[in-house]
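Structural characterization, general
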Amino acid sequence: MAVTITAATSAEVVGSIDELLIQILVQLPVKSLMRFKLVSKHWKSLITGRQFSRLRYTSPSPAVGLFCPAQKISVFKYIHLGAINQTKPMFRELRFPDDPFSFWIHQSCNGLLLCCSSGNLVRTRTRSPIRRCYVYNPTTDCYTKLPRPGVLNEVPRIVHGVNLAFDHVMSPSHKVVCVRGSEFARELYQVEVYSSESGAWRVSGEPFSSNANFEYGVYWNGSVHWISYTRKELLYFNLDKERFGKTSLPDVRDGHGGRIVDYFGESCDHLHIIKSHDYEVAFDVYEMKRDYSEWFVKYRVDLTVVAAAFPEMAYMNTLINRTCYAFSVFSLVRAGEKCSFLVLLTPRKVVRFNLDSHAIEEICDSGDTWFECLLPHTFEYIESFACV
Amino acid sequence: MARKNRNPVGKNVDPEAQKKKTRTLTLKSSDGQEFSISESAAVLSIAIENMVEDDCAGGVIPLPLVDGGTLARVITYLNKHAEDGASDEEKRKFDEEFVSGMEMGVLFDVVLAANYLDIRGLLREVRRRIADRMKNKSVEWVRKTFHIESDFTPEEEEQMKKEFAWAWEGVDSDVDD
C-alpha cells in the first residue's frame, strides 16, 4: 500500500494532544458526546474517563428532568424540565441485564441513581426489603452492582436504609451509607459505608439507637440527612468524619396542626424542606445554612395564581367545611438566578412555578402520573458523566 | 487604586509597566515572517513572558510552531487585550467577533498557537467556538476532520448506535465549513 507522507493538519495535531482535545470535548452537549464516543476507542476512553467528569462539572448542575414512579414498581414516567435539545434518559423500565428482578429507584444524587430490589420477593409499592443495589448513571447508561448491603459474617441483617453520597464537584468517586440492624440488640442500628474506590462495605462507628426513618436520606454538604418525625429532628451522617450530628426541623408556625413534609431534597448544593397543608395555598420554603445554625425562609410561596389558572385544584372539604387545594411539590430546582422553580403536581397538569417571577408554565398532563405519597415523590434526572 | 498598569488616567503608573509598553519585541513565525509587538501585549502569552524573563529572546523571539498567518491573528488579539482604554465589555465583544468569522481550519491553527503560547483567554474562547461548531457534526465528519480511523468492529458500532439512538437525531449533513 502506498503511503503518502504529508504534514499533519492542525486538526490532527489537536487530536493528538489529549489535554487540549479533552478541553474541547468537555464543552460539548451530552448528546454530541454520546455520538462521538463512537469516533474511536481512544475518544471513547477520553469521554468516559475519570478526568472528564471532573473537568466538565465544576459547579453543581440542576435537574433537567424527573422520574416519576408508575403503577409498576420498575417503570417510570419521565418528565422533561430542561431545554429541548438536552439529553433525555433512555430507560422507561429499570432493568439490569444480568439481573432478572424488578428494581426501583431508591434515590437520585447529583446524576447517579441508587437502584434497589427485593430480589425474588414480589413487592408492589413498598421500597423494602433491600437485597440488591446498583449504582446507575442514566446519562451514560453505565452501572455497577454493589455487594449485598447489611451482610455480617454471611448473615443478612435488616437493612433500614441505603443512601448514596456523591458530588462530582467534590470527588469523582461515590459512597453509599447503609443503616442496618445491629447484631448486638434488636433496637440498635449500625452504619456501614461502601466506597466505589474499595468496592466493599465497611462497618463505621459504634451501634446506636435512633427514631429517624432511614429509608429516605438526602445528601448535601458532605452528609446524608434523614428526618426523625417523632422527635422533629434532622439527623445527619458526615462521610468525612464518619460521625452523626443533629439539628431541629424548621419551626413552622401552624395554628391548625397536621402539616406534612411535602418536599425534602437538595438542589444545586442547597438543602430545602417544605411543609404544607392542603387547606392552605401558601407555604414557605426553608433552606438550611451550611453551618447548620438555622433553617431560614428562602421563598415565601403563594400558589393563588396557580389555583386561579387551574381551578380544579380547589375543592370543598365537607369534613372541615372549608376550601382545600389538591397539589403536591414534585421537586424544587435551583436552576440559577431568577430561574429557580417548583414542579407541582395538580389534578390535571404538572406545572412549573417560577419562584422569583411567579410565572406558571404547564409541563405535561398529570393523567398518567402516579402519585407516590412516600418521600421523595419523584427522582431528579441530572446529566452526569460520572463513572460508576 | 492606581497600582496596576491598566490605569488609564496614567497617574502613579508603575515605571516597569511603562517601560514594557514602549519596548517592542520581534516575533518570528515558522515561515520566517517577523512581527513587531509591544512587550506589554506579548507577555499576555505566558510562554513569551517566560522567554523574555529568561532573556533568551535577544531581540527576536522565534516561534517555530506558529505560521505567519496565524501569528498575525494572535497578535491582533494580544494588541486588543493590552490596549489601555479597552473595557471588559469591549474585549468580550472583540473576542466574539474575532472567532466568529474563522473557518474550522483556522480555529484549529489558532487553538494550537494559543495552547503553545499559553494565552489562556484566547484558548478558552477558541475551544468554546470549536466545540460549538462541532456539536451537531456526524461521527464521520469528526473522523475525517481529525484523520481518525475507527477501531470498532461493525458489530460494536451497531450496538452503540442502538443504545444511544437519540444521540443521532438532529445531526448536520457533512458539509465542510
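Treat the numbers as computed from the prediction; the structure is a model and nothing was measured. (Residues numbered from 1 in each chain as written. Chains lettered and ligands numbered in written order. Predicted model: local features only at pLDDT ≥ 70, side-chain atom pairs only at ≥ 80, totals over all residues.)

1. Remarks on the overall build of chain A
If you tally the helices and strands in chain A, you get 6 helices and 27 strands. Here the C-alpha radius of gyration of chain A, 23 Å, is about what a compact globule of 388 residues would show, namely 21 Å. Once the C-alpha set of chain A is aligned to its principal axes, its extents read approximately 90 × 55 × 45 Å. Partitioning the contacts of chain A with sequence separation of at least 6, the portion at a separation of at least 24 is 46%. (Helix = DSSP H or I, 4+ residues; strand = E, 2+ residues; numbered from the N terminus. Rg over C-alpha atoms; globule rule 2.2 N^0.38 Å. Contact = placed C-beta atoms within 7 Å.)

2. Observations concerning the overall build of chain B
In terms of regular secondary structure, chain B is built from 9 helices and 3 strands. The helix and strand sequence of chain B, counted from the amino end, reads α-β-β-α-α-β-α-α-α-α-α-α. Burial analysis of chain B (177 residues in total) assigns 28% to the buried set. A separation threshold of at least 6 residues defines the contact pool for chain B, and within that pool the share at least 24 residues apart is 58%. (Buried ≥ 20, exposed ≤ 12 C-beta atoms within 10 Å, placed from the backbone.)

3. Overview of the domain arrangement of chain B
The assigned domain composition of chain B is domain 1 (15-134) and domain 2 (139-168). Just the C-alpha atoms count here: the centres of domain 1 of chain B and domain 2 of chain B sit 36 Å apart. (Domains from an automatic or database assignment.)

4. What to know about the interface of chain A and chain B
With 25 residues of chain A at the interface, the matching set in chain B holds 29 residues. Of all the elements in the fold, those that place two or more residues in the side of chain A that touches chain B are α1 (10-16), α2 (18-25) and α3 (30-36) of chain A. It is α1 of chain A that contributes the most residues to the side of chain A that touches chain B, 6 residues altogether. Residue composition of the side of chain A that touches chain B, by class: 12 nonpolar, 6 polar and 7 charged. (Nonpolar A, V, L, I, M, F, W, Y, C, P; charged D, E, K, R; others polar.)

5. Remarks on the environment of K31 of chain A
Residue and element names in this part refer to chain A. Position of K31 relative to the elements: it lies in helix α3. Given 22 C-beta atoms within 10 Å, K31 falls into the buried group. Residues K31 and T139, 108 residues apart in the sequence, show an inter-C-alpha distance of 9.5 Å.

6. A word on the pairing of strand β16 (residues 243-248) of chain A
Remember that side chains alternate between the two faces of the sheet whenever the strand is regular. Residue and element names in this part refer to chain A. In this structure, strand β15 (residues 233-238) lies alongside β16, joined through 6 bridges in antiparallel fashion. Note on β16: the bridge partner recorded for E233 is S248. From the end of β15 to the start of β16, which pair antiparallel, there are 4 residues, and E242 there has a positive phi angle of about 50 degrees. (Pairing = 2+ DSSP bridges.)

7. Comments concerning the nonpolar core
Core analysis: the largest hydrophobic core is formed by 136 residues, its most contacted members being L66, L114, C115 and L344 of chain A together with V111 of chain B. Looking at which element gives the most residues to this core, the answer is helix α6 (residues 104-117) of chain B, with 8 residues. Beyond its immediate sequence surroundings of up to four residues, C115 of chain A is in contact with L94, F103, W104, I105, H106, C133, Y134 and Y136 of chain A. (Core = buried A, V, L, I, M, F, W, Y, C linked by C-beta atoms within 7 Å.)

8. So, helix α4 (residues 68-82) of chain B
A rise of 1.5 Å per residue sets the reference length of α4 of chain B, with its 15 residues, at 21 Å; its end C-alpha atoms lie 21 Å apart and thus fit the reference within 8%. Residues of α4 of chain B that are buried in the fold lie against β1 (24-28), β2 (34-38), α2 (39-42), α5 (88-100), α6 and α7 (120-134) of chain B. (Expected span 1.5 Å × (residues − 1).)

9. Focus on the confidence of the model for chain A
Fine structural detail should not be taken from predicted coordinates in areas where pLDDT scores are low. Residue and element names in this part refer to chain A. Per-residue confidence for chain A averages 89 on the pLDDT scale, and 94% of its residues sit at or above 70. When pLDDT is averaged over each helix and strand of chain A, the minimum, 84, is found for helix α5 (residues 50-56) and the maximum, 97, for strand β13 (residues 218-220). Predicted confidence is poor over residues 1-5, with pLDDT under 50, and the contacts of this stretch with residues over four places away or in other chains come to 0 contacts. (pLDDT = per-residue confidence, 0-100.)

10. Here's the deal with the UniProt feature "domain: SKP1 component dimerisation" (unreviewed entry) in chain B
Taking the UniProt record as the reference, the feature "domain: SKP1 component dimerisation" (unreviewed entry) is found at residues 125-167 of chain B. With 65% helix and 0% strand, residues 125-167 of chain B has its two end C-alpha atoms placed 26 Å apart. (UniProt positions renumbered as here; feature names shortened; annotations may be inferred.)

11. Side note on the domain arrangement of chain A
Residues and elements named next belong to chain A. Entries for chain A in the domain assignment read domain 1 (9-48) and domain 2 (49-381). One C-alpha centre belongs to domain 1, the other to domain 2, and the line joining them spans 34 Å. Those elements that place two or more of their residues in the side of domain 1 that touches domain 2 are α3 and α4 (41-48). Broken down by element, the residue count for the side of domain 1 that touches domain 2 peaks at 4 residues, all from α4. Taken together, the residues that form the side of domain 1 that touches domain 2 break down as 6 nonpolar, 2 polar and 1 charged.

12. Observations concerning the environment of R50 of chain A
Residues and elements named next belong to chain A. Checked against the element boundaries, R50 lands in helix α5. Between the C-alpha atoms of R50 and Y236, which are 186 residues apart in sequence, the distance is 29 Å. If near-sequence neighbours (up to four positions away) are discounted, R50 is found in contact with P172 and C387.

13. Structural notes on the sheet that holds strand β14 (residues 223-228) of chain A
All names here are of chain A. The antiparallel open sheet is built from 4 strands, whose spatial order is β13-β14-β15-β16. Only two strands of the sheet have a single neighbouring strand rather than two, namely β13 and β16. Between one strand axis and the next, the sheet turns by 30 degrees as a mean value, whatever way the strands run. When β14 meets β15, the two strands line up antiparallel, connected through 6 bridges. Bridge assignment links S223 to a residue of β15, and that residue is N238. (Axes fitted to C-alpha atoms, helices over the stretch in contact; angles between N-to-C directions.)

14. Section: the UniProt feature "domain: F-box" (unreviewed entry) in chain A
What UniProt calls "domain: F-box" (unreviewed entry) maps, in this numbering, to residues 18-52 of chain A. Here residues 18-52 of chain A is 74% helix and 0% strand, with 11 Å between the C-alpha atoms at its ends.

15. A word on unusual backbone geometry
Residues and elements named next belong to chain A. L375 connects to P376 through a cis peptide bond whose omega is -5 degrees. Residue position: P376 is located in the loop between β26 (360-365) and β27 (379-381). Unusually for a residue other than glycine, E154 sits at a positive phi of about 70 degrees. By secondary structure assignment, the location of E154 is in the loop between β7 (151-152) and β8 (155-156).

16. Some details on the sheet that holds strand β25 (residues 349-354) of chain A
Residue and element names in this part refer to chain A. The strand order across the open sheet formed by 4 strands is β23-β24-β25-β26, and the pairing between neighbours is antiparallel. The sheet is open, and its two edges are formed by β23 (328-333) and β26, each paired on a single side. Going from strand to strand, the sheet's axes swing by 25 degrees on average, the running direction of each strand aside. Sheet analysis places strand β24 (residues 341-345) next to β25, joined by 5 bridges and oriented antiparallel. Within β25, the residue paired with L344 across the bridge is V351.

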